[in-house]
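Coordinate inspection notes
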Amino acid sequence: MSEKLWGGRFNGDANDLFLRLGASINVDIKMANEDIEGSIAHATMLSHVGIITEAEKDQIVNGLKEIKEEFNEGKLHFTYQNEDIHMNVETVLTEKIGAVAGKLHTARSRNDQVALDFHLYLKKRLPQILELIRSFQSELVNLADENLETIMPGYTHLQHAQPISFAHYLMAYYEMLDRDYDRFEFNQKHTNMSPIGAAALAGTTFPIDPHFTANELGLDAPYNNSIDAVSDRDFAIEFLSNASILMMHLSRLCEEICLWSSYEFKYVELSDAFSTGSSIMPQKKNPDMCELIRGKTGVVYGHLNALLATMKSLPLAYNKDLQEDKAGVFDTVENIEPILQLMTEMIATMQVNKDRMLQAVEKDFSNATELADYLSAKGLPFRQAHRIAGELVAKCINENCYLQDLSLEQLHNYSDLFEEDIYEDLKPHVAIQRRKSYGSTGFNEVHKQIEKAKEKLKGEMNHEE
Ligand code: ARG
């Protein structure tokens, strides 16, 4: 007979290389605390409904508590021969308290156990991620507040488009992060569900109380369907999808910071704390951290794709393929937490070169729309106004000057509608100031966006207290 916990029906031992490949202890050791907490709740429920005695429960729970302590002190050695965290913990428990340990696995299976551990793992991490998003958002708002009147070119197609307030740009990222927050917040709904009690897939003949267990663990409710409970990984896919979108946002910002810290732009300079030098070129100051975050974004997308691929043809209910579900989620958690923290510090310490940004819109054509709007506001159909502005830009390019350098006389060759006040409209800060539409770059509008954000962040902090 095989020594394994499931070894009763086996005559021979498993191939050792297969055991090593099949073992998940190196990955699921990260859920050791959750596995033990889940077992304590399960044992408590078993005694609550009279499946095991109070004394047996105490023995099991005390043993589990000891294991948790020893594990967190680094005193336990788990082995691949015991396959995974569940069987490693049960093996240590048996060594500690003897045969009564075997009662713990009544009315459960590793299928609902592993699903429970995974839910508990993510349940613990989501609040931390939500908090980190809020900190990053409030740093964006701080920086926006300091830069309300910092003028820069807004881009489309990476070409100068129209002058904008740098604060407006920063608040665009605030909004993206706000949606990320909402998504991770919603993620809690499907994460805080309890699969324990589904047993292998069909439920159990024992008179368990899964609502009790869920409640012990701070989970909202048991799954309604035991087959779904052990087969569902939507909560993890939602997490990876939310993380992918978050990383996409961070990566876009990182890409811009890389561009802006280049010699050609020089809009920002990163603190030395978030830059690296070159081993050969002494002058280099590289935005490595931003590049790495861009790189890691691809890795997170990969984790999402991997889990979707694992799930797409999986027959109900548990299949061993599901063992591959955790590593990508753990890696994602372990990356997005420090990334959010580092990005918060990075933008807080980033030097903004306001003069350089302003210079970029003083000698360019990002005021061409103002000229077209000017004519159109005086009654010329916008299409005609657009054509005249385009022709004037072409003339300036030929003559190596800018729209504001043209005399009123030269402008009159194109339209009688031009008057002295056109020069005011062509100034970048006036272009911004004149924008009054909701959510626009107008200083007043951006100020409102900032105040609204501050209000929201403050309200939430008070709420949390
Ligand atoms: N290590 C397994 C996993 O991570 C635990 C569940 C094993 N269940 C089974 N029926 N083999 O998925």
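As named in an unreviewed UniProt entry, the protein chain is Argininosuccinate lyase, taken from Apilactobacillus kunkeei. Looking at the Sequence similarities (unreviewed entry) heading of the UniProt record, one finds this comment for the protein chain: "Belongs to the lyase 1 family. Argininosuccinate lyase subfamily." According to UniProt, the comment filed for the protein chain under the heading Subcellular location (unreviewed entry) is "Cytoplasm".

Points about the site of the ligand
The environment of the ligand is formed by Ser-24, Asp-28, Asp-84, His-86, Arg-110, Asn-111, Val-114, Tyr-318, Gln-323 and Lys-326. Ser-24 has a polar side-chain atom sitting 3.1 Å from a nitrogen atom of the ligand. One of the side-chain N or O atoms of Gln-323 is found 2.8 Å from a nitrogen atom in the ligand. Contact with the protein chains hides 87% of the accessible area of the ligand, taken as 340 Å² for the molecule alone. The element that contributes the greatest number of residues to the shell around the ligand is helix 6 (residues 110-146), accounting for 3 residues.

With respect to the packing of aromatic side chains
Within the structure shown, the criterion is met by 15 aromatic pairs. Each member of the aromatic cluster is reached from another via a ring pair, and the members are Tyr-155, Phe-166, Tyr-169, Tyr-173, Trp-260, Phe-265 and Tyr-267. A cation over an aromatic ring shows up here: Arg-134 above the ring of Tyr-181, its NZ or CZ 3.5 Å from the ring centre. When the ring centre of Phe-118 is taken as origin, the NZ or CZ atom of Lys-326, which lies over that ring, is 5.8 Å away.

A few points about the packing of helix 14 (residues 368-377) against helix 15 (residues 382-399)
Close contact between helix 14 and helix 15 brings their axes to 8 Å; oriented N to C, the two are set at 140°. By the angle between their directions, the pair helix 14 and helix 15 is classed as oblique. At the point where helix 14 passes helix 15, the crossing takes the right-handed sense. Contacts from Ala-368, Leu-371, Ala-372, Asp-373, Leu-375 and Ser-376 of helix 14 reach helix 15 at Phe-382, Ala-385, His-386, Ile-388, Ala-389, Leu-392 and Val-393. Among the residues making up the contact of helix 14 with helix 15, the classes are represented as 10 nonpolar, 2 polar and 1 charged.

Quick word on the packing of helix 3 (residues 32-48) against helix 5 (residues 85-97)
At a minimum axis distance of 10 Å, the contact between helix 3 and helix 5 shows a crossing angle of 60°. Seen along the crossing, helix 3 lies across helix 5 with a hand that is right-handed. Contact residues: Ala-32, Asp-35 and Ile-36 in helix 3; Ile-85, His-86 and Val-89 in helix 5. Of the residues contributing to the contact of helix 3 with helix 5, the split by class is 4 nonpolar, 1 polar and 1 charged.

Observations concerning unusual backbone geometry
Comment: phi is negative for the bulk of residues other than glycine, and the bulk of peptide bonds are trans. That bond from Leu-316 to Ala-317 is cis: its omega, 0°, falls within 30 degrees of zero. Positionally, Ala-317 belongs in the loop between helix 11 (288-312) and helix 12 (326-349). With a phi close to 65°, Glu-83 is a non-glycine residue in the positive phi region. Mapped onto the elements of the fold, Glu-83 is located in the loop between helix 4 (54-72) and helix 5. We classify Glu-83 as buried; its relative accessible area is 10%.

Regarding the UniProt feature "domain: Fumarate lyase N-terminal" (unreviewed entry) in the protein chain
The feature "domain: Fumarate lyase N-terminal" (unreviewed entry), as annotated in UniProt, sits at residues 8-302 in this numbering. When the span residues 8-302 is considered, its composition is 60% helix and 6% strand, and the gap between its end C-alpha atoms is 40 Å.

Examining the nonpolar core
Tyr-169, Phe-184, Phe-239, Leu-250, Ile-257, Val-329 and Met-343 are the most contacted members of the largest nonpolar core, which has 79 residues in total. Residues in contact with Met-343, not counting those within four places in the same chain, are Phe-136, Leu-250, Leu-253, Cys-254, Met-289 and Ile-293. Core analysis: the second largest hydrophobic core is formed by 25 residues, Ile-36, Ile-40, Val-61 and Val-89 among them.

Topic: helix 6
The first and last C-alpha atoms of helix 6 sit 54 Å apart over 37 residues, in line with the 54 Å expected at 1.5 Å per residue. Maximal helix bending in helix 6 amounts to about 25°, located at Arg-125; proline Pro-127 follows within four positions.

Rules and cut-offs
- Residues numbered from 1 in each chain as written.
- Predicted model: local features only at pLDDT ≥ 70, side-chain atom pairs only at ≥ 80, totals over all residues.
- Heavy atoms only, no water.
- UniProt positions renumbered as here; feature names shortened; annotations may be inferred.
- Near = heavy atom within 4 Å.
- Polar contact = N/O pair within 3.5 Å; in protein donor to acceptor, adjacent residues only side chain to side chain.
- Areas by Shrake-Rupley, 256 points an atom, 1.4 Å probe, with all protein chains shown as cover.
- Helix = DSSP H or I, 4+ residues; strand = E, 2+ residues; numbered from the N terminus.
- Phe/Tyr/Trp six-rings, centres within 6.5 Å; stacked < 30°, edge-to-face > 60°.
- Lys NZ or Arg CZ within 6 Å of the ring centre and 35° of its normal.
- Axes fitted to C-alpha atoms, helices over the stretch in contact; angles between N-to-C directions.
- Parallel < 35°, antiparallel > 145°, perpendicular 65-115°, else oblique.
- Left-handed = near helix turned anticlockwise from the far one by under 90°.
- Contact = heavy atoms within 4.5 Å.
- Nonpolar A, V, L, I, M, F, W, Y, C, P; charged D, E, K, R; others polar.
- Buried < 20%, exposed > 50% of the residue type's maximum accessible area, 1.4 Å probe, protein only.
- Core = buried A, V, L, I, M, F, W, Y, C linked by side-chain atoms within 4.5 Å.
- Expected span 1.5 Å × (residues − 1).
- Bend = angle between axes of the 7 residues up to and from the residue.

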